[in-house]
Amino acid sequence: GFGGSCFKKDILSLIFILSDMGLDIQANYWSQVLLMNEYQRLRICKKVFDSSLNKPIAIMGLAFKGNVGDVRCSNSIFMLSYLLNKKCEVKLYDPYSTIEDVKNELKVYDNNECSLYDYEKIKIYRDMKECVKDCSVAVFVNDHDEYKKIALEEIVNEMDKEKRTIFDLYNNYSMDKLNEQKVNVFKLGEYDGTI
């Protein structure tokens, strides 16, 4: 699903304008686009959780797109919130985002009664290999140029030896390159037999 603060805001504005003009069918169409986007985000989060085997999960890229530090409405923070609610150990990598921005954005998912997260345990790694160390799952959630600067096998070699799964949600790597690593792969856009 798409992330970032602008596109959703623009669609919500379009829905408002269409509704105001009495174009309810068209407004409903765009409302369904937002609902489908949320479904897609939850579907991926569940797949990541189910693949983790109670071992650490590395989220690679916190910004809503590559080569920026803006985490507002990013899919990574949505995923982080989901995984923290499931009591997962999550390790974060991003070369541009700050821990303060992540914590502030994560508060969007808190409820008013109590904070759901131990913010002191949340840490951004500046080294990819250190971030994925002993993780069973590495999820590439944007397309930072940094991913192309390191050999994929260097990442995989640091991961848990029993079971390793790569989620390539931004098509950073070719399927051939991923299959060379002898890991489980979920690549967005490649049909895996589930819906």
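Source: prediction; values computed, not measured.

Cut-offs used in this document
- Residues numbered from 1 in each chain as written.
- Predicted model: local features only at pLDDT ≥ 70, side-chain atom pairs only at ≥ 80, totals over all residues.
- Heavy atoms only, no water.
- Patch = residues over 30% accessible without salt bridge, like charges linked within 9 Å, V, L, I, M, F, W, Y side chains within 5 Å.
- Areas by Shrake-Rupley, 256 points an atom, 1.4 Å probe, with all protein chains shown as cover.
- Salt bridge = Lys/Arg side-chain N within 4 Å of Asp/Glu carboxyl O.
- Helix = DSSP H or I, 4+ residues; strand = E, 2+ residues; numbered from the N terminus.
- Pairing = 2+ DSSP bridges.
- Contact = heavy atoms within 4.5 Å.
- Axes fitted to C-alpha atoms, helices over the stretch in contact; angles between N-to-C directions.
- Phe/Tyr/Trp six-rings, centres within 6.5 Å; stacked < 30°, edge-to-face > 60°.
- Buried < 20%, exposed > 50% of the residue type's maximum accessible area, 1.4 Å probe, protein only.

Student: What exactly am I supposed to notice about a nonpolar patch on the surface here?
Tutor: Together, F16, I17, M21 and L23 give the surface a local cluster of nonpolar side chains, amounting to about 420 Å² of exposed area. The topology assignment puts M21 in the loop between α1 (5-20) and α2 (24-51).

Student: For this particular structure, what's the right way to read the sheet that holds strand β3 (residues 124-125)?
Tutor: The pairing of strands in a sheet comes from backbone hydrogen bonds and takes either a parallel or an antiparallel form. Judged by pairing direction, the sheet is parallel, and its 6 strands sit side by side in the order β3-β2-β1-β4-β5-β6 without closing on themselves. With partners counted over all chains shown, the strands left at the sheet margins are β3 and β6 (184-187), one partner each. Looking at chain direction, strand β1 (residues 57-60) and strand β2 (residues 90-93) are connected through 4 bridges and run parallel. Of the residues in β2, the one forming a bridge with A58 is K91. Helix α3 (residues 75-85) contacts β1, β2 and β4 (137-140) of the sheet and is inclined by roughly 165 degrees relative to β1.

Student: What is the right way to look at the packing of aromatic side chains in this model?
Tutor: Here a ring pair, both rings aromatic, is described through the centre-centre distance and the interplanar angle of the planes. Counted according to the given criterion, the structure contains 4 aromatic pairs. Here the aromatic rings of Y29 and W30 are separated by 5.1 Å at their centres, their planes lie at 90 degrees, and the arrangement is edge-to-face. Classification of W30 as partly exposed rests on a relative accessible area of 28%. A ring pair is formed by F140 and Y173, whose centres lie 5.4 Å apart and whose planes are at 80 degrees; its orientation type is edge-to-face. One end of the pair, F140, is in strand β4; the other, Y173, is in the loop between β5 (165-168) and α8 (175-180), with 33 residues separating them in the sequence. The exposure classification of F140 matches that of Y173, with both residues buried.

Student: What should I look at first to understand the pattern of salt bridges in this one?
Tutor: Charged atoms that come close allow side chains of opposite charge to pair. Applying the stated criterion to the full structure yields 10 salt bridges. E154 is the salt-bridge partner of K129, the closest N and O atoms lying 3.3 Å from each other. Here K129 is found in helix α5 (residues 128-132), whereas its partner E154 is found in helix α7 (residues 152-158), with 25 residues between them in sequence. Classification of E154 as partly exposed rests on a relative accessible area of 34%. The residue K133 makes a salt bridge to E158 at a minimum N-O spacing of 3.5 Å. Separated by 25 residues along the polypeptide, K133 in the loop between α5 and β4 and E158 in helix α7 bring together distant segments of the chain. Classification of K133 as partly exposed rests on a relative accessible area of 36%. You can call E158 partly exposed: its relative accessible area is 24%. Linked through salt bridges whose partners overlap, the residues forming this network are K55, D160 and E162.

Student: Just to check I follow, could you spell out unusual backbone geometry for this structure?
Tutor: If a residue is not glycine, its phi is most likely negative; likewise, a peptide bond is most likely trans. Here the phi dihedral of N67 falls at roughly 65 degrees; this positive angle occurs in a residue that is not glycine. Checked against the element boundaries, N67 lands in the loop between β1 and α3. On the basis of relative accessibility, which here comes to 32%, the residue N67 falls in the partly exposed class. With phi around 65 degrees, K87 is a residue other than glycine that occupies positive phi space. Tracing the backbone shows K87 in the loop between α3 and β2.

Fair warning: the whole summary comes from geometry, so function is off the table for now.
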